[in-house]
Amino acid sequence: MRDNGCVLPYRDDGIVLRTQKLGEADRIITVLGRTTGRVRAVAKGVRRTKSRFGARLEPFTHVDLMLHPGRSLDVITQAEVIRPYGEPLAADYPRYTAGVAMLETAERFTPVEKEPALRQLLLLIGGLRTLSEAEHDPRLVLDAFLLRSLAVAGYAPALEECARCGAPGNGRDPAAGGVGAVGGDRRLPAFAVPAGGMVCASCRPHGAASPAAGTVALMAALLRGDWASADGSERKHQVECSGLVAAYLQWHLEHSIRSLRHVERV
């Protein structure tokens, strides 16, 4: 970054996670970058009506940036839009709220600034693209994103074997059996968030949930990207799945995701 005492600018692309006002005309932009990870940088003068790139630095936007390192915050000197995911989401409340929850979750999973998090960025780009294409229920898309983010972080829930003792749930191939394949064996009758997923009767702790077989199957389908099975799942299983995923996510993050309360559930 330094050459003969001079600080050199650098370039990166990423998703704008959020913005906040700074002074009378500036904003602090939080971006999840491809090579630099999560970065907080100042965009000077973007709140003025004559700003050259203020509209390019809105949440949900995939941008190509030129930044200059600063003492406390870097400074954005150039911004070009790669894809504005916010435009198709703004007119659809369920998709918009699901997208906001994705942005907040991505920020929570990248707590250290300028620590590369390429897999998290790629998950976020894929999730926003899927939301904007409107081919699947937005809550299913969000739950798939949350589960895969947990998996990338090393917290994938155990769904086919006991999270505590490793006892198998059933002997069938879940990929071959559709939505009803996983969870049919009642040796795994409960989902325990602190334990890390499904547990057998012997390992079941007090207060563990007892999800339907179709709910566990839906979680497995979302983890592996089986949209045919996920789209065909029953609404009651989708609602139960969302509750379990939210509880599991917030347990491992040790922090609530505030935007989840606004996600459309009906």
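Above this text you will find the structure in question.
Residues numbered from 1 in each chain as written. Predicted model: local features only at pLDDT ≥ 70, side-chain atom pairs only at ≥ 80, totals over all residues. Heavy atoms only, no water.

Participant: Hey, could you go over the overall build of the protein chain for me, with residue numbers and the actual values?
Facilitator: From N to C terminus, the protein chain includes seven helices and nine strands. Burial analysis of the protein chain (266 residues in total) assigns 48% to the buried set. Sequence-distant contacts in the protein chain: of pairs separated by 6 or more residues, those separated by 24 or more amount to 60%. Carbon together with sulfur atoms contributes 50% to the accessible area of the protein chain, which is approximately 12,800 Å² in total. (Helix = DSSP H or I, 4+ residues; strand = E, 2+ residues; numbered from the N terminus. Buried < 20%, exposed > 50% of the residue type's maximum accessible area, 1.4 Å probe, protein only. Contact = heavy atoms within 4.5 Å. Areas by Shrake-Rupley, 256 points an atom, 1.4 Å probe, with all protein chains shown as cover.)

Participant: Give a description of the pairing of strand S7 (residues 74–84) that names residues and reports values.
Facilitator: Inspection of the sheet shows strand S5 (residues 37–43) paired to S7 by two bridges, in the parallel sense. Looking at the pairing, Val42 lines up with Val75 of S7. Here strand S6 (residues 61–68) runs beside S7; their pairing, made up of eight bridges, is antiparallel. Pairing of Leu65 across the sheet is with Ala79, part of S7. Linkage of S6 to S7, two consecutive antiparallel strands, is achieved through a turn of five residues. (Pairing = 2+ DSSP bridges.)

Participant: Can you tell me about helix H3 (residues 118–133), naming the residues and giving the values?
Facilitator: In an α-helix, one turn spans 3.6 residues, which is why side chains three or four residues apart end up on the same side. If you check H3, its first and last C-alpha atoms are 23 Å apart, about what 16 residues at 1.5 Å a residue would give, namely 22 Å. Turning to H3, its buried residues number three or more, namely Gln120, Leu121, Leu123, Leu124, Ile125, Gly127, Leu128, Leu131 and Ser132. Two residues or fewer after H3 comes Ala134, characterised by a positive phi angle close to 60°. (Expected span 1.5 Å × (residues − 1).)

Participant: Go over the packing of aromatic side chains, please, and point to the residues and values.
Facilitator: In total, this model carries two aromatic pairs according to the counting rule given. With a centroid separation of 5.8 Å and an interplanar angle of 65°, the aromatic rings of Phe191 and Tyr248 are classed as edge-to-face. Of this pair, Phe191 sits in strand S8 (residues 190–192) while Tyr248 is found in helix H7 (residues 235–253), placing the two residues 57 residues apart along the sequence. Exposure class is identical for Phe191 and Tyr248. Each is buried. (Phe/Tyr/Trp six-rings, centres within 6.5 Å; stacked < 30°, edge-to-face > 60°.)

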